[in-house]
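# Notes for the structure review
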Amino acid sequence: MQAAVGTAHVPHGHIHPPPDTFIKKYIFSQDHKVIAVQYFITSGLFFVLAGLLAEMMRAQLASANNTLLSPTTYNEAYSVHGSAMVWLVIIPILTGAFGNLIMPLQIGARDVAFPWLNMFSFWLLPPAGILLFGSFIWGAPEAGWTEYPPISLEQSFGTSMWCMAIFLIGVSSTITGLNFLVTIIKMRAPGMTWTRMPLFVWATAVTAFLSFIATANLSAALLGLLIERTFGVPFYDPAKGGSPVLWQHIFWFYSHPAVYIMILPAFGIVSEILPTFCRRPIFGYKAIAYSSVAIGLVSFAVWAHHMFTSGLAPWVQLPFMIMTMIVGIPTGVKIFSWVATLWGGNIRLTTPMYFVLGFLSTFTFGGITGIMLASVPADVHEHATYFVVAHLHYVLFGGSVFGIFAGLYYWWPKMTGRMLDETLGKIHFWLMFVSFNATFLPMHWIGLEGMPRRVSTYDPQYQDTNLFISISAFVLGASMLVFAYNAIKSTLSGREAGQNPWGARTLEWMIPSPPPYYNFEDIPVVLSGPYDYGKPLPYREIKADLDYKPIV
Amino acid sequence: MNTGQQEHKLDAGFWRATIVMGVISALGMWGVVVFPIERYLPEAAGIAVQIDWLFKFMAFFSVPILVYVNGYMIYFAVRYRNRKGQPLDQPGSSIHDHKALEFWWTAIPSVLMLVLGILSYVLIPQYYTARAASADSVTIEAIGHQFSWEFRYPGLRDPVPDELHLPINVPVTIDSTSTDVIHSFWVPAFRMKQDMIPGMVVPMTFTPTEIGKYEIVCTEFCGVGHSGMRDRFVYVQSRSDFDAWYAAEKTKQAHAPTQLTAAVLASGDAGAGQQLFNARCTTCHNAAPFDQRKVGPGLANLFHDPAHPKLLSGKAPTPADVADILEHGLSGSMGQMPNAQLNGLSAKDIADLVAYLKTLK
C-alpha cells in the first residue's frame, strides 16, 4: 500500500522515484525516516554497551574496597560510559532519530533540506562508535567524559581515538543542525506559520541552532587536544606555557549548550504527548515555544558554572551564577504549563503518558538540584561529588531518557505500523521509574556527606548505600529487557496501528503508518495550530481518517 | 464522536487537594529547618555553617515546588482520567493560557532566584579573598601531587606530607596549586573545595571552629591513584596543641634524618616492610611482575628480572640503588615517584622496604 501511494500518484513538485536497490533503500538511504531508524538501531546498540559499562562500575562499587575491576579499567569504564551516553546515545537519538523521524512529517515536508548530508551525518556515527569503544584495545580514556588536561595529555593512545570519535560526532551534529535549521525555516507546509508549528518542531529548531553554533567550539577544543597529544603543540600543558583552564572554558562553552541539546527535544516530545492524551490544547503554547528559545540563548552564557572551583575571580563567577539561575525560570514555566495542561483534560493514561508523568517528576527534581549547584558557595561543597552525579542523571536519565522512552512508545506505531504492548510498557515504566529513583536518589546524600565522583574505591562508611545503589542499578538495567522484549514482540506480532492510533492532530498522524516514501501525497495546507481538540482539523489537502478507535 | 467541550471550575476538590499539599509542604519545610546537618557532617569552620544555611534556604523553597508540581500532577491525572463510558475523544478544557497565572509562576521563582543570587554572592568574599595577613592569621601553601598532598608552613624548612594541622579559631588562607595534573582539595567538614591547577595559585580563606580530625578528599580525577587520595586528615587543634606540634615538627626537621648507611640498609625488617608497602606503595605499585603496572611497574621481580636487568633509573638493581630511588624519588618514563620526604619514609622505612622487596619473587 505504501509503494502504491509513493509511485502511483505523482504529486506536484520535484519528486525523485523511490530507491530500488537494497543498499540505496536501507544502507545508504537518503530517506529521513530510514535514517531515523538507522539512528535508533545504532544508538540503541551503543546504549546497551554504555549501559553495560555502567553496570560494571556499579558491580565494582558494590563494596568499598572492591578489586573486581582495576582502577584503570574502572576509570576507562566511566569515561567511555559518559562519552558514549552523551555523544553516541542521547544526542543522536534526540536529534538524529526523533528529529529525522518526526520533524519533517510535522511540518508537512517530504524530506529534510539536504538528504545527502543527512545520510552523511548518520554515517559518521558508526565510525565514531567504533573509535570510542575500540579505544579499549589501546587503553581507553580515563579522565571522564570531560577529559581535562593535563592528565588527558598523559594518557595512552585511546584518548586520541576519543578525540577523533567525538570530533566525528561533532561534525555530524553540526551538519544535522544546519540541515534541520534550513528544513524548518524553508520547508514548512503552506500556512504553517511559526506559531502554528508543533512544539516538537520548536524544540528541534532551537536544538538545531545550538548544535550548529556550539559544536564547532568542541571540535576546535578536541583538535587542539589531539594536536597537542600527537605533535606536542602546547595549548593546554602549563609546563610548556599552555593553559588547562582554556580547555575547560572551550569544552564547557560547547558542553553546556549540549545539555540543552539533550533536553530540549525531550521537552518537545512531552509537549506533543500531553495534549494528545489530555484531549485539550497545550497550556501556554507560546510560553513553551518562546521559553525554548530563551533557554537556547541563555545556554551560551552559563558555561563557567562548571568551573566555580577552577579559580575564577568572584566577579566572573557572579554573571554565570545569575545566568544559570535565569535558565531555571523558563524551565519552570514549561513544567508549570505541562502540569496545567493536565487540568481539565480527558486524560488517557497510556504508556507514553506514564513516561511523561515520570519525566515531569524526575526532571523537576533534577532541575531543582541544578539550582542548588548554581549557587556558587553551595557548589564549592557539592562540585565533583556524587551530588553532581545524581543531579546529572536526574536530568539526563530522568529527563532525556524518560523523554526518549515516552517518544518511542508514542511514535513507535508511526515508525513501524504496529503497536507496542501496553501492559508490558507499564511494567517497563514502573520497574524503570522505581529503580531509577532508588539508584540515583541516594547519591545526593552520599555526595553531600563527602563521597567524591570518579573513584573506584571509597570510604567504608558509604558501603551500605552503595550496595543499595548497585542493586537498584542492576534492576534498572534489567528493566530495559522488558522494552526489548516488547519491541521484538511488536515487530513480530504487534497489532496493526493504523494511521492515527492515538487520535492526535499533528501532521505525522494524517498519513499512513509507516509513512510512504515522500510522506505526503499532496502537501497539506495548514490553517491553524495543531492542538485544538474538539475543533475540525486545521488542514486542507489531507484525507485523514479521524475516528479515534481505541487500539489497545 | 465528540460530545462537546466541557469547562471545569476550581471546585472544592481542587482546594482540598491544594490544602493537603500545603500541609505536606509545611511539614517538609519544617523538616528542612530542624534537620541537624552537623550530626551527619561536622560544621568545622565558620563558612560551613553559612553554606549549610544557604543549602537549607534552597531546600526550604524546593519542598513546596516539588510537592505542588508532583501533587497537582498526580491529582489532575487521577481526577481528570478518562472514565468508564466516557468517550475517548471527548475534548477536555479548551483553556489555552491564563495571563495572571503565568505572570505569577514566572514572577515568584524570579524573586526567589534574585534572593538566592544575593545571598550566594555575599558569601563568596567570605572564603575567596585572601585576607591581609594579620598577626593572628596563618597562610599555608597546599600543593597537590600524584598522589599525595604537600603542605608548606611559614617558618618550617620542609613541607609536611598528607597532614594539615590548623589552630582553632584562627583565620587560615590556603594557597593551592599543583605540580603535575589538576587535583581538587576538599575538606567536606569545612564545605571548602579548591581545584589545584598547575601554573595557578588560588587562595581560599576560612576559620576552623571545631577541634577534631577531618578527612581531606581529592575531587578531581588525577590518575590511577585518585581513589586512594583520601584517608588523609586535617587536624584542628587548640592553640597550645598546634604550637606544640609546630615546635616538634621544627625540631624534627632541624635534626638531620638518620643517615641511610649500609648498616642501616642491611638491618631492614621484611615484615615491617611488607606492612609499609601495603599501606603506602600499593597506590602506584603492585607486588606483581613488572608488566602488571599501576602508575609505576610491578615490583615483584625487582631484583632478579631477566626481562628488565636494569632499574628505571638506569642502574643495576642493587639494594643501594633501589634505596636511592626510594630516598630521592624518580622522574622516569612512567611518571613521577615522590621522594622519601613526600612519601613520609624514614631511613629505617626505606631499609625495611628494600628488605621486603628482596623477598618478593
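Up top is the structure.
Below: a short report on this structure.

Rules of the game
Residues numbered from 1 in each chain as written. Chains lettered and ligands numbered in written order. Predicted model: local features only at pLDDT ≥ 70, side-chain atom pairs only at ≥ 80, totals over all residues. Heavy atoms only, no water. Contact = heavy atoms within 4.5 Å. Buried area = accessible area lost by both parts, 1.4 Å probe. Salt bridge = Lys/Arg side-chain N within 4 Å of Asp/Glu carboxyl O. Polar contact = N/O pair within 3.5 Å; in protein donor to acceptor, adjacent residues only side chain to side chain. Helix = DSSP H or I, 4+ residues; strand = E, 2+ residues; numbered from the N terminus. Pairing = 2+ DSSP bridges. Core = buried A, V, L, I, M, F, W, Y, C linked by side-chain atoms within 4.5 Å. Buried < 20%, exposed > 50% of the residue type's maximum accessible area, 1.4 Å probe, protein only. Domains from an automatic or database assignment. Disulfide = S-S within 2.5 Å. Phe/Tyr/Trp six-rings, centres within 6.5 Å; stacked < 30°, edge-to-face > 60°.

### Some details on the interface of chain B and chain A
- Chain B puts 84 residues into the contact, and the matching count from chain A is 92 residues.
- Both sides together, the interface formed by chain B and chain A hides about 7,100 Å², and carbon and sulfur atoms give 68% of it.
- The largest per-residue losses of area from chain B upon contact with chain A belong to L88(B), W105(B) and F221(B), which jointly make up 10% of the total buried on that side.
- The tally of links between chain B and chain A comes to zero salt bridges.
- Across the contact surface, chain B and chain A share 26 residue pairs in polar contact (both at pLDDT 80 or more).
- At the level of secondary structure, the elements contributing two or more residues to the side of chain B that touches chain A comprise α3 (46-79), α4 (99-128), β7 (192-196) and β9 (212-218) of chain B.
- The leading source of residues in the side of chain B that touches chain A is α4(B), at 15 residues.

### Quick look at the sheet that holds strand β2 (residues 148-152) of chain B
All names here are of chain B.
- Read from one edge to the other, the open sheet built from five strands follows the order β3-β2-β1-β5-β8, with strand pairing classed as mixed. With partners counted over all chains shown, the strands left at the sheet margins are β3 (160-161) and β8 (202-206), one partner each.
- Relative to strand β5 (residues 172-178), strand β1 (residues 138-145) runs parallel, the two sharing seven bridges. Opposite I140, over in β5, you have I174 as the bridge partner.

### Here's the deal with the nonpolar core
- One finds W87(A) and F190(B) to be the most contacted residues of the largest nonpolar core, which totals 262 residues.
- Summarising the domain contributions, this core has at least three residues from each of domain 1 (12-128) and domain 2 (138-254) of chain B.
- Apart from the residues within four sequence positions on either side, W87(A) is in contact with P92(A), W145(A), W162(A), I166(A), I169(A), L218(A), F251(A) and Y254(A).
- Membership of the second largest hydrophobic core comes to 21 residues, among which are L299(B), F303(B), A323(B) and Y356(B).

### Remarks on the state of the cysteines
Residue and element names in this part refer to chain B.
- Under the definition given, this model contains zero disulfides over all chains.
- Cysteine C222 shares no disulfide, and the gap to the nearest cysteine sulfur, in C218, comes to 4.0 Å.
- Exposure remark for C222: the relative accessible area of 0% places this residue in the buried category.

### Comments concerning the packing of aromatic side chains
Residue and element names in this part refer to chain A.
- Under the defined criterion, the tally for this structure stands at 87 aromatic pairs over all chains.
- Their ring planes at 75 degrees and their centres at 5.1 Å tell us that F122 and W123 sit as a pair that is edge-to-face.
- Taking relative accessible area as the criterion, F122 reaches 2% and is therefore assigned buried.
- When its relative accessible area of 29% is taken as the criterion, W123 is described as partly exposed.
- Both rings, one in F209 and one in F300, keep their centres 6.3 Å apart while their planes meet at 80 degrees; by these two values the pair is edge-to-face.

### Description of the pairing of strand β6 (residues 183-187) of chain B
Residue and element names in this part refer to chain B.
- In terms of burial, β6 is a largely internal element, five of the five residues being buried.
- Side chains H183, F185 and V187 project from β6 onto one buried face, and the interleaved S184 and W186 project onto a second face that is buried too.
- With five bridges joining them, β6 and β7 adopt antiparallel strand pairing. Paired with H183 across the bridge in β7 is M196.
- As defined by bridge partners, β6 adjoins β9 across two bridges and the pair is classed as antiparallel. Bridge pairing links F185 to C218 in β9.

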